[in-house]
Structure formats: C-alpha cells, structure tokens
Amino acid sequence: MIDDGFRLFPEQASTLAPRVDALYFFLLGVAVFFTVLIAALIVYFSIKYRRGNTKVDRAPSHEGGHAFGLEITWMVVPLVISMTIFAWGASLYFLEYRPPAGALEVRVVGKQWMWKFQHPDGRREINALHVPLGQPVKLMMISEDVIHSMYVPAFRIKRDVLPGRYSSCWFEATRAGEFHLFCAEYCGTNHSRMIGRVVVVEPADYQAWLGGGKSNLPPAEAGKRLFEDLRCVTCHVPLGATGRCPPLDNLYGHQVKLSNGQTVTADDDYLRESILQPGAKLVVGYPTLMPSFDGQVDEEQLIQLLAYIKSLARPAPAEAPP
Amino acid sequence: MTTIIAPETAAPPDPNQPPRQHYLNAGYTVRSWLLTTDHKRIAILFLVSITFFFVVGGLAATVVRLDLMTPQADLVQTETYNKLFTAHGVMMVFFFLIPSIPSVLGNFLVPLMLGARDLAFPRLNLLSWYVYTIGGLFTLYAMLAGGVDTGWTFYTPYSSTYSNTYVMATAVGIFITGFSSILTGLNFIVTIHKMRAPGLTWFRLPLFIWSIYATSIIMVLGTPVLAISLLLVAMERLLKIGIFDPKLGGDPILFQHLFWFYSHPAVYIMILPSMGVVSEIVPCFCRKRPFGYAFIGFSSFAIAVFSFLVWGHHLFVSGQSIYGGMVFSLLSYLVAIPSAVKVFNWTATLHKGSISFDTPMLYALGFIGLFTMGGLTGLFVAALAVDVHVHDTYFIVAHFHYIMVGGAVMGYLGGIHYWWPKISGRLYPEGWARLSAILIFFGFNLTFFPQYILGYLGMPRRYHVYPEEFQLLNVMSSAGASILALGYFFPLSYLLWSLRFGKIAPPNPWRAAGLEWQTPSPPPTENFAETPVVVDEAYDYQRIDGFAVAGSGAAASPRSHREESTHG
Amino acid sequence: MFYIVFVALLLLLALTVEAARHDLGRWNFVVATSIAAVKAVLIVLYFMHVLRSVQITKLVVCVGFFWLAILFTLALADYWTRDWLFVING
Amino acid sequence: MAEVHAPGTPRALAHQFDDLEQQHQADELGMWLFLSTEIMFFGGLFLAYTIYRTQDEAAFAAASHELDLFLGTVNTVVLLGSSLTMALAVFAAENLQRRKLVLLLMATMVLGCVFLGVKGFEYYHKYEHGLMPLLGLPFDWPGPSPGHAEMFFDLYFLMTGVHALHMLIGLGVLCVLLIKASRGRLLGDFSAPVHLTGLYWHFVDIVWVFLFPLLYLIGAR
Ligand code: HEA
Ligand code: HEA
Ligand code: CUA
Ligand SMILES: [Cu+2]
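Residues numbered from 1 in each chain as written. Chains lettered and ligands numbered in written order. Predicted model: local features only at pLDDT ≥ 70, side-chain atom pairs only at ≥ 80, totals over all residues. Heavy atoms only, no water.

**Section: the overall build of chain D**
We apply this condition: Only DSSP runs of H or I with at least four residues qualify as helices, and only runs of E with at least two residues qualify as strands; both kinds are numbered from the N terminus onward. For each residue, the accessible area found with a 1.4 Å probe, counting protein chains only, is set against the maximum for its type, and the residue is called buried under 20%, exposed over 50%, and partly exposed in between. Residues are treated as being in contact if the distance between any of their heavy atoms lies within 4.5 Å. Per-residue and other accessible areas were derived by the Shrake-Rupley procedure at a 1.4 Å probe size, with only the shown protein chains allowed to occlude residues.
In terms of regular secondary structure, chain D is built from 6 helices and 0 strands. In chain D, buried positions account for 67% of the 221 residues. For chain D, contacts bridging at least 24 residues in sequence account for 79% of all contacts bridging at least 6. Carbon together with sulfur atoms contributes 67% to the accessible area of chain D, which is approximately 7500 Å² in total.

And the structure:
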C-alpha cells in the first residue's frame, strides 16, 4: 500500500532524491535568509523611523560613493549565490536525464488516460510499474495522443511524454514499497485520474513477479516477429546488406550519412522516422524504395521493432561501459 | 484623514461657486463616456472592465478552492473543474492582471506625470479599450457557451486537436485583446519619448514612468508572438492543418517556445508596473528620495530585456534539449538580479525615513515581503534539478500566486488607494482600508503557503481529484481563500461607497511630490491649466516638507514653486 | 533616388532567381536569404527613408530585428542541441 | 494607425501636441513601433518555417518545386513596383502635387490587386492539383515524405495567406486615402497618413521579399 499518512516532506526513495533534496535545502536556506533579512530590516526601520519618533537622527547620510558600494554588493552577492545554485542544479539535471549504461529498460506508452508499461522480458502492466530495488531503470516513453508527463514524487523524477518522439528518464529505487505515480502534464478531462503506483521490490521478487504473469514475448522477440510479418525481410535481411537496402545491424547509435550530405545519429527517433516516413531522411546511395508504415504499426509495435533493430546492433563506440 | 494632510490644502468647497469643471463632470451622457478620448476617462472605463473580470476570475477560483476541500470530485464534474481553472487563469492573466496597472493607473497617470495634455494617440487609446472589451466579450462568450479546458497555456496538441471545447473562440478573444496591449504599450512609449514637459529629463521622471516604459517594451515586442502562436492553434482547428501535429513532423514543443516567448516576459508585464507603484509609494510615506533612483530605474530596463531570454525555463522537463535547458536556467538567474536590486533599494529607502503606515504603504510593504518570497521560490524552480521535481505541481502554483497575487495585486491595490483621491476626488475610509489590507495579507499567506508544501510533496496542479494525504493542507488553503475573498470584498465596497459619501479630497492629500499632485483632484479635462515646467528632480520631499523634517512629519508644507506655476 | 533603388531591387531579384538555378548545396539557402536581406535593407533605408529619420526611429528598427534574433537564437539553441545527449550517452 | 490623424479637422495639429514637428515624430515613432510588432508576428511564422525546413530539407525542396517560379517572380516585380509607386506617392503628397498623388495611389492599388490576383490564381492552381491541404481537402503527394510535404504547403498557405491579409488591409487603407486625396486633402502638413501608410506598405513588401526565396527557391531548381 502507498503510505498515505500526513506528512510535510516527501519520502526519499531513489538515489536521486537525497541529492535533489540537498539542493532544495540549500535553496531553502538562501530563501529563509533573505526573507528574514528583508522582513527584519523592514520591521526594524519601521519601528525606528516611524513618523512619531522624534528622537531619531534623520540627517541624510553621505550617500554617494558609499551607496554605490552597497549597490554593487547587493548585485554581486546574489549573483554569486545564484551561479552556485545554477551550477549545482545543472549538474544534477544532467545526471537525472542521462541514464547510466546497462539500465533495465522499461518501455512506456502514455495515452488518455492510462499508462502502459512493458518490461524487457515482455511482461506488460497498466497503471502500475514493478521495478527491482537497487537497480537503475530507464524508462523509454512515448505518447499515443497528447503530451503527458511521467512523475514519481518519491523518486524526484519527471519527464514529459510526447507524441511522435521518444523521451526518457531513469531512476534507481532505494526503498522497497509503493509510491505514487502521477501524470503531471495536463492532458484532458481525466488528467487527475491518470495515476498509478510504482512498486519497488527486491530483485529476486522482481524476477519472480516477471515469471508470474502470462508470458509475453520480449519486445525484441516480438519485434522480430513483426519484422517478418510486415515483410520487412523482403528487403532487409536481418544481418548485412542487400544491394537495395542499407544494413540494419550495427545501425543503432552509429552515424548515418544521408543523401542530402548531412550526418545524423541513428537514435530512437531516427529509427522511428525511418519506418514512418522513410523518405524524410534517405541513406546516401539508396533509392526511395521503402514504403511508409505510418498507420500500419502502432506505438507499441514501433517500440518492438526498434527493440529488435537495437538488438541487432553491436555496441556503439561511445556506449562503452563507463 | 491622516496626520499628513496639511489642513490648508483641503480647501473647503464654496457653496456659492459653481462646481469646478473636471474630467468627471465634463459630461454625464453614456456617449460622453463611450466616445471619450480623454485618457482619464478611458482609465475609468478600464477600471470598470478589469474589475469585472477580476470578480469573474475570482469566482472561478472560489469554486476551485471549494471543490479542492475534499479529495474526491464532489462539487463539480471534472470537465467543469478543468474549465474553471482555465477560465480562472485566462481571466486573471489576460483580462485582469496584464491590463490592470498599465491600462488603469498608467492611462490615468502617464500624461499627468509627464505634464502632458493627453497621450500621444488618444483615439488609439480609446480603440484599445474597445478592442479589449470585444476580446473580453468573445472570451466570456466562450466561457459561458461551453468553456475551454486547456489550461491558460493552451498546450498543443491537446488544444489544437484533442480538446472539443471552445478553444477557437477563446484563442480569438485573447488574440484580439492582444492588440489592446500592443496599442497601449505603443502609446506609452511614444508619449514618454515625445511628450514630456519642458525640463522633465529622463532622470527626473518618476520611477513609475520608468517601469511603465519597460512594461511597454515587453507589450510591444512580446504580444505579437503570443498572437501568432494562438493564431496557429486557431488555424489548426479551423483549417484543419497541422503545424504542431506530430504526424506531419510538427513539433508540439514549438508551440511552447512561441507561447512562453511571450508569456514569460508577460509575467514581468504583470510585476513591473506594481514595482513602479511601490517605487512611488515608499518614498512618499518615508518622506525621502528613493535610495538608488538610477538603479531602480535601470533595473526596470534590465528586467524588460532579460525577460526575453529566459522563456525556456518553463520547458525544463518538456523534452527541450537539456543544453537548451541549461542556457535558460543560467539566464533566469540573471533576471533575478535586477529584481534583487529593487528589493534592496526599497528597503534601504526606509532607512532614515519618516515612515507612516497609511493604507498604500501597508500594501507596498506587503508587496515587498510577498514578492521577495515569491521571487525567491522562483530561484527554486529555475534550479534545473529542483524544477524537475516541482514542475507542474502546486509549488509552481504557490510561486506564481505569491508574485501575482501577493505581489502584483497588492501593488495594484496599493496604487488604487494611493491615487484614489486623485482619480475620484474623494477620500476612502482609512480604518476599513487598513483592516482589509491586513486581512488580505493574512488570508493570502494562509491560502498559498500550504501550497508550497503540497507542491514539494508532489501534488500535481490541475488535479481535480487527489490522494487523501493532501487533504489537510488543501483545507487550510481553502480556508485562507475565504479570508482572502473577504479581504477583496471590502475595498470593492468601501471604494464604491466613498464615491458618494467619502470626504472631498484635496489636490494633494499625501503631500506627495510629482506633477500629478500639482493639479486639482479630480484633474480638469486638459490636466494642467498651463504646461508645467520642471526644474528639479522627482521625489524632492525635503523641499516639500521644509527643512525641519527631523522627526516631525506634520511640518507645514511650503508650496513648491511647481505648485505655484501650475495654479497660475 | 527611388528609381535607382528600384532598379537595384530588380537586379537583386534577377540575381537570386539565377542563383537558384545552380546547385550550390546548402549555400543556396545562404545566398537566397542574404540577397533578401540586402533588398530589405534597401527598402528600409530608402523607401522607408530611415536614413533620413531621427535617431529614435533608427533605434526602433534595430531593436525590432534584434528581438527577432533573440527569438531565433534561443529557440534554435534548443533544436540544434537536441541530439547531442545521445552522442554522449549512447 | 493611419487613421489616427486623418485630417477630418482642418487643423493639422492635434490638441495634445505642441507643434507639427513633435506630432510628426510621434506619428513616425508610433508607426515604427507597430511595424516592430509586425516583425515579431511574422517572426513566429518564420521560426516555425526554419525549424521544419531544417528537419527535412529534401521534402521541402521537392514541395517547393511544385510552386510556379515564373508567377512568383512576376509577383515579386509587381510588388516591388507598387513599393516604388508608394514611395513616389509619399513624395508627391509632401510636395503638394495633388494629381500625381492620386495617380500614384491608384497605381499602387492596381499593382497590389494584380499581386493578389496572381496569388489567387496560384492558390486555385494548387487546389486543382490537390496540393491544398486545408479544410480536409485531399492532399496527394506522389513523392517521399508526404507528411513533411504537407507541412510545407501548410506553411505556404499560412504565410502567404497572412501576407495577403496584410495586403488587403493595406488596400483598404489606400482606398480611404485615395478618396481623401481626390478631394484635395492629404497634402503638405496633412500628408502624415500617406507617409504612415507608405511605411506599412513597404513593410508588407519586405515580408514578401523574404517569403519569395524561402518558399519558391529552396534547393536548386
Ligand atoms: C508576475 C509574475 C511572475 C514573476 C515576476 C516571476 C518571477 C520569476 N519566476 Fe516565475 N512564474 C510565473 C509568474 C512569475 N514569475 C507564472 C505565472 C508561472 C507558471 C506558469 C504556468 O505554468 O502556468 C511561473 C513559473 C516559473 C518557472 C517554471 C516552473 C515550472 O513550470 O516548472 C520558473 C523556472 O525557472 C520561474 C522562475 C522565475 C524567476 C527566476 C523569477 C524571478 O524574476 C524572480 C526574481 C526575484 C527575486 C529573486 C526576489 C528578490 C531578490 C532578493 C530578495 C535577493 C536575493 C536574491 C538572490 C540570492 C538571487 N517561474
Ligand atoms: C492574476 C492572476 C491570478 C490571481 C489574482 C489569482 C487569484 C487566485 N487564485 Fe489563481 N491562478 C492563476 C492566476 C491568478 N490567480 C493562474 C494563471 C493559474 C493557472 C491556471 C491554469 O492552470 O491554467 C491559477 C490557478 C489557480 C489554482 C490551481 C488550480 C489547479 O491547478 O487545479 C488555484 C487553486 O487554489 C488558484 C486559486 C486562486 C485563489 C484562491 C485566488 C484568489 O486570490 C482570488 C480572490 C478573488 C476573489 C474571490 C474575487 C473578488 C472578491 C469578491 C468580489 C468578493 C466576493 C466573493 C466571494 C465572497 C467568493 N489559482
Ligand atoms: Cu496524462 Cu495528464
Ligand atoms: Cu517564466
């Protein structure tokens, strides 16, 4: 059960949470300091220099050079503080949105108003996400309709889920239990009901849970089936190139030269586009032969096709384990 | 009314003389109002209309708060709830706060403060009101006919394809109203450049004028981008094209870029004028020159310019490139510096002042405190990693209400009270006014402080139903909102009451500096009997109070030479 | 003067159409927009006689285009760096 | 803007100004501020265009080649010509040449109408060829990436449509000016409306100067 007692501070249940909270407390310190400073000065001056007080010295002090120094001080001090905050926040942000290599990859499809998850071994679930404790999990997300946003407060992560483009985020749970999962981007009538829970369990229990469901093909396997069913094989042989088509092995994560002279990295979005709008980015040296599969495959099938193509790839040079 | 009204300035009305001609009694027909080109009358027209929209927006907020008392959906249906917060956001932002100070106080005061007879383009000014009203009616129609449920941000593709509410009509309404903003801003810039009285150099201008000028820059350069982004949404719906449609390779995030290119600067449209008001009130009730005049003035400019460089901080989790996010975060901190400069300078102005606590001053001090709290939480949300957690939660809701309600609305009310004698020729009841200022301050904090906590706990915004553990804080917030509503109800009532029963106001009840106080209350249609000539800096309170200021606020006021020249 | 400017504009137009007949790769875009910019400057300076206008008018013209540059630069800063992360991250 | 100081009154100077110099400068500044809003307004469209074009240069080039370069070029000449006549009209108004003013205003309007006529013809042509993806009309695109090609035409119709709307407004204002001019007004001290309308008209011209290469001249033809 989700712990639903009253509290003033959210649970920390991921490796990121304490780090984000540390910055938060620093900010809180800055905010309290300045609020108290300003409030105290206002109160102090208000009492000391109230109109009725005739005894106080109001002779104008020699402003001028002295005042200029003050002005510079209260520009520079906030600047220094805020640059510190910026650097701190940016480094954490970079961490938050850069999944570590080797993370467990869970695929997420958001649609009005539910979350669909598929685990690497093929098990699916809706509005609940089981993850193992102490293991990095990467979410690969896309939406079927409008923008949604994946939000798990206890993990301090959030990322918009877009139509037409993959986005991702990751976390590593540090506490077993159940946590809220919210849709944070307004997505229509039942936005506030597009919620679910994240269930963090021991890795062994996770394996057991995976085994417990009715078996689905792992995405890469399902993708392989689709690859055959959709007759991709008529042109693309699984490994190596035919004369007509570029090879698909060793594609993901590598640079692709296009016919217009540009070079792009074959990332998820590129693969997706290659299937839906093959003409958009032509591989140099190949004809515009491939038909568009727009409308024939849905987002989940696309994800499976991608999983298959990715499984063909040898690791890209930059992807070498850290 | 208060100690500072020097008795000799309140000339008793002479029953034998015919009443003095002024802008209010220059004509009583509806026509004389609806076809007026007098900036002061247009200001009144705006005052009436924006008050109307404020009440409408406030009523929507009231229902929202009532509904959120319980975690379930029991008061209204979810569709309705979504329409309510959208209506609330749209009304409050586009039809109340953005026009509020510029169109009411700005319209009324800019020519007076400049010693001009009117704005540069009086007919354009009237047109601005009509455009505003037509846009408002359009939007009101949309709200009544069925409502819109997109949130005030109109994010695509929900707004362009999926929502089946009155998005078109609302977008068109806001589009039209945008022209009102543009026309007003344009008019102010030209007026401030070309119509200052002889001797009124830039550095003698009241700080209110500086801030209105900065605001106008944003209005002129930002609003058209909002216009085009809403037009694109409207066209997507009307012509069934797909500029933001992912199926055609369109990018929904492009809409967010365009929208926030305007709407971030727009938040400074809302706050800068209030900062200007505070910069007027604080010196007056401290009886001294503002500390760091030039710094306050230039920081307005800095805010206006920097404000255009930070819009991407609304897109930190949206799928914008994370490098883009970093740039925007960095720039967001730069825009915080000029705000800091202002806060520190106002506080320093209190030093060695002769401070009295009339209602406008209470609002001004409240503004400083609440704006500081809201602004400082702006630092939280500009910090990338923290924003990932608090984005689209109640933390954001609290952040912007602290600035917009605690800051901007407080400043607006302070300004209305400060210039009410000038505008209406009447004094308001001071006791009631102070009471409601204090009520608003406490009600406000009770409403929105719990929302910070809720936000960090993770309660998403725009949620009709929410987990039970958040209820207690929500109940507190709703309780605060009722106090707040009461606090707003009082000024609405006693200001209206004062129109008829208030004491007659002297030309300069606060013995304030500034050209607007050198002409009778209410001012004559042509503003000044003859064009005033300015020979010294603004805020010369030492001269007004004479030299025996130390301690005794009630020192007799020797008439300044400016006064003499205008009463000739 | 107006006639000279007009002729210059027509010549530039001919130039840009001619340039489009040749495949200059991505330079096609650069050439076309540069020529358009030159034409625009001519119109602004002569037809709209900004050359003869007061200082503040000139300032407003520059500010207008400067703000446009802000819009483009920062928005494109997002689009052009979107796939950087992947390269680093794999 | 233009009608602000339309001299219905015999006085050239409006009451809030001290002298004509001040009024003139205020008018001009106001108009330029308005034009800077127009820059930003079109800027949004150009931004969308830039981003989508860089996403799929090839599809945009292919789609662009469906536009009629000849008509586009002719239209550019026509519009530049109308700018010339407009500039001359302002000159005539300032120098009290009434007949010339009337004729030049008429010429400007005629050229403007020709432009719109040609544009209308182009639109119709696109409609006939199923290249008008508006209002759910069919869009047949034989080439690759029909999505991006459709996006090009969406942008094409939006950008030229908004531009044409500006032309229409300009023509309306010119119409008013023409009537006044033929009654012998708008000369000398009263020429401000002509001057301001001129600024607007040239601006609309500048927009087209950019639209033309961006829409008609993508890639090599
Ligand atoms: C009047 C309105 C107003 C104003 C003035 C501001 C001011 C600021 N805002 Fe706010 N903001 C909004 C209205 C406003 N905001 C609204 C409406 C939203 C939500 C929109 C929506 O999604 O619906 C929003 C959202 C918002 C976000 C996006 C959050 C999200 O959705 O995830 C961010 C992120 O950076 C942000 C930052 C800031 C910053 C840094 C300032 C700064 O300008 C603040 C500067 C002020 C200070 C810093 C205080 C004074 C300084 C001192 C006392 C000295 C100490 C200072 C330092 C140490 C630096 N705001
Ligand atoms: C200028 C801007 C402004 C102002 C003044 C306010 C004022 C208030 N707002 Fe806010 N608000 C926004 C701008 C503003 N708001 C925006 C932009 C959003 C985001 C919308 C979105 O998500 O799209 C928002 C969203 C928002 C929410 C979040 C909804 C959600 O995400 O689900 C809430 C919830 O508490 C709220 C509450 C309030 C309250 C209680 C007030 C109070 O201060 C209002 C008090 C005023 C009155 C009550 C009217 C006047 C009083 C009388 C005439 C007296 C008589 C009345 C009674 C007795 C009831 N607002
Ligand atoms: Cu999905 Cu909100
Ligand atoms: Cu912002």
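**Quick word on the coordination of the iron atom of ligand 2**
Residues and elements named next belong to chain B. What counts here: Sites may look incomplete, because water is not among the atoms used; the donor set itself consists of N, O and S atoms within 2.8 Å of the metal (3.2 Å for Na, K and Ca). Irregular is the label for any site that misses the other tests, which are tetrahedral for four donors with all angles between 85 and 135 degrees, and square planar for four donors or octahedral for six when opposite donors exceed 155 degrees and the remaining angles lie between 65 and 115.
Ligation of the iron atom of ligand 2 by protein atoms is provided by His-88 (NE2) and His-401 (NE2), these donors lying 2.0 Å from the ion. For the iron atom of ligand 2, the 6 donor atoms in the first shell make angles of 87 to 180° at the metal, so the coordination geometry reads as octahedral. Placement of the pair is His-88 in helix 3 (residues 78-114) and His-401 in helix 13 (residues 394-424), with a sequence separation of 313 residues.

**Some details on the confidence of the model for chain D**
All names here are of chain D. Short version of the rule: Summary of the metric used: pLDDT quantifies the predictor's per-residue confidence within the range 0 to 100.
The predicted model of chain D has a mean per-residue pLDDT of 85, with 94% of residues at 70 or higher. Mean pLDDT values for the elements of chain D range from 81 in helix 2 (residues 57-64) up to 91 in helix 6 (residues 192-216). Between residues 1-10, whose pLDDT stays under 50, and residues either more than four places distant or in other chains, the model counts 32 contacts.

**Things to note about the coordination of the copper ion (ligand 4)**
Within the protein, the atoms that donate to the copper ion (ligand 4) are His264(B) (ND1), His313(B) (NE2) and His314(B) (NE2), at distances of 1.8 to 2.1 Å. The distance between the copper ion (ligand 4) and the iron atom of ligand 1 comes to 4.4 Å.

**Things to note about the interface of chain D and chain B**
To keep it simple, the criterion reads: Values labelled buried area give the accessible surface lost by two parts on being combined, using a 1.4 Å probe and summing over both. Salt bridges, as used here, are contacts in which a Lys or Arg side-chain nitrogen is within 4 Å of a carboxyl oxygen on Asp or Glu. Identification of polar contacts relies on pairs of N or O atoms within 3.5 Å, with a donor-acceptor requirement for protein atoms, meaning one able to donate a hydrogen and the other able to accept it, and with residues adjacent in sequence counted only if both atoms are side-chain atoms.
Each partner contributes to the interface: chain D provides 40 residues, whereas chain B provides 39 residues. Buried surface at the junction of chain D and chain B, both sides included, amounts to about 3300 Å², of which 73% is carbon and sulfur. Interface area lost by chain D to chain B is led by Gln16(D), Met40(D) and Phe41(D), which between them contribute 17%. Taken together, the connections running from chain D to chain B amount to 0 salt bridges. Between chain D and chain B we count 5 residue pairs in polar contact (both at pLDDT 80 or more) in total. The element best represented in the side of chain D that touches chain B is helix 1 (residues 20-55) of chain D, accounting for 19 residues.

**Structural notes on the interface of chain B and chain A**
In this assembly, 93 residues from chain B lie in contact with 85 residues from chain A. Between chain B and chain A the total buried area reaches about 7600 Å² when both faces are included, carbon and sulfur atoms providing 68% of it. Of all residues in chain B, Phe344(B), Lys352(B) and Tyr456(B) bury the most surface against chain A, accounting for 10% of the area lost on that side. Joining chain B to chain A, the criterion identifies 0 salt bridges. Counting across the interface, chain B meets chain A through 24 residue pairs in polar contact (both at pLDDT 80 or more). Elements represented by at least two residues in the side of chain B that touches chain A include exactly helix 3, helix 5 (158-162), helix 8 (252-286), helix 10 (322-350), helix 11 (359-382), helix 12 (384-390), helix 14 (430-457) and helix 15 (471-501) of chain B. Residue contributions to the side of chain B that touches chain A peak at 16 residues, all from helix 10 of chain B.

**Regarding the site of ligand 2**
All names here are of chain B. Here is the rule: If even one non-hydrogen atom of a residue comes within 4 Å of a molecule or strand, that residue is called near it. Note on residue classes: Ala, Val, Leu, Ile, Met, Phe, Trp, Tyr, Cys and Pro are nonpolar, Asp, Glu, Lys and Arg are charged, and everything else, Gly too, is polar.
Of all residues adjacent to ligand 2, which total 33 residues, the nearest are Arg-65, Tyr-81, His-88, His-401 and Arg-462. Within the side chain of Tyr-394, one N or O atom sits 3.3 Å away from an oxygen atom of ligand 2. Between an oxygen atom of ligand 2 and a side-chain N or O atom of Gln-451, the distance comes to 3.4 Å. Elements that contribute at least two residues to the shell around ligand 2 include exactly helix 2 (39-67), helix 3, helix 13, helix 14 and helix 15. A class-by-class count of the residues in the shell around ligand 2 yields 23 nonpolar, 7 polar and 3 charged.

**Some remarks on the pairing of strand 4 (residues 128-132) of chain A**
Residue and element names in this part refer to chain A. Rules: Should DSSP find at least two bridges between two strands, the strands are regarded as paired.
Of all 5 residues in strand 4, 5 are buried, a share of seventy percent or more. In this sheet, strand 10 (residues 196-201) lies alongside strand 4 in parallel orientation, the contact comprising 5 bridges. Looking at the pairing, Pro-132 lines up with Val-201 of strand 10.

**So, the pattern of salt bridges**
All names here are of chain A. Tallied over the full model, the rule gives 19 salt bridges over all chains. Between Lys-116 and Glu-300 there is a salt bridge, with its nearest N and O atoms 2.7 Å apart. Placement of the pair is Lys-116 in strand 2 (residues 114-118) and Glu-300 in helix 6 (residues 299-312), with a sequence separation of 184 residues. Taking the relative accessible area as the measure of exposure, Lys-116 reaches 16% and is therefore buried. Here Glu-299 ties to Arg-272 by a salt bridge, and the two come within 2.7 Å at their closest N and O atoms. With a gap of 27 residues between them, Glu-299 in helix 6 and Arg-272 in helix 5 (residues 268-276) connect regions that are remote in the sequence. Arg-272 sits in the buried class, given a relative accessible area of 10%.

**A word on unusual backbone geometry**
With omega at -10°, the peptide bond leading from Gln112(A) into Trp113(A) counts as cis. With an omega of -5°, the peptide bond running from Thr156(B) to Pro157(B) counts as cis. Non-glycine residue Asn127(A) carries a positive phi angle of around 55°. Mapped onto the elements of the fold, Asn127(A) is located in the loop between strand 3 (124-126) and strand 4. A positive phi angle, close to 50°, is found at Phe154(B), a residue other than glycine. The topology assignment puts Phe154(B) in the loop between helix 4 (122-145) and helix 5. Using a relative accessible area of 1% as the deciding quantity, one classes Phe154(B) as buried.

**Some words on the environment of Pro421(B)**
All names here are of chain B. With respect to the secondary-structure elements, Pro-421 resides in helix 13. Pro-421 sits in the buried class, given a relative accessible area of 0%. In this structure, the C-alpha to C-alpha distance between Pro-421 and Val-397, residues 24 residues apart in sequence, is 35 Å. Apart from the residues within four sequence positions on either side, Pro-421 is in contact with Arg-426, Leu-427, Ala-505, Pro-509, Trp-510 and Ser-521.

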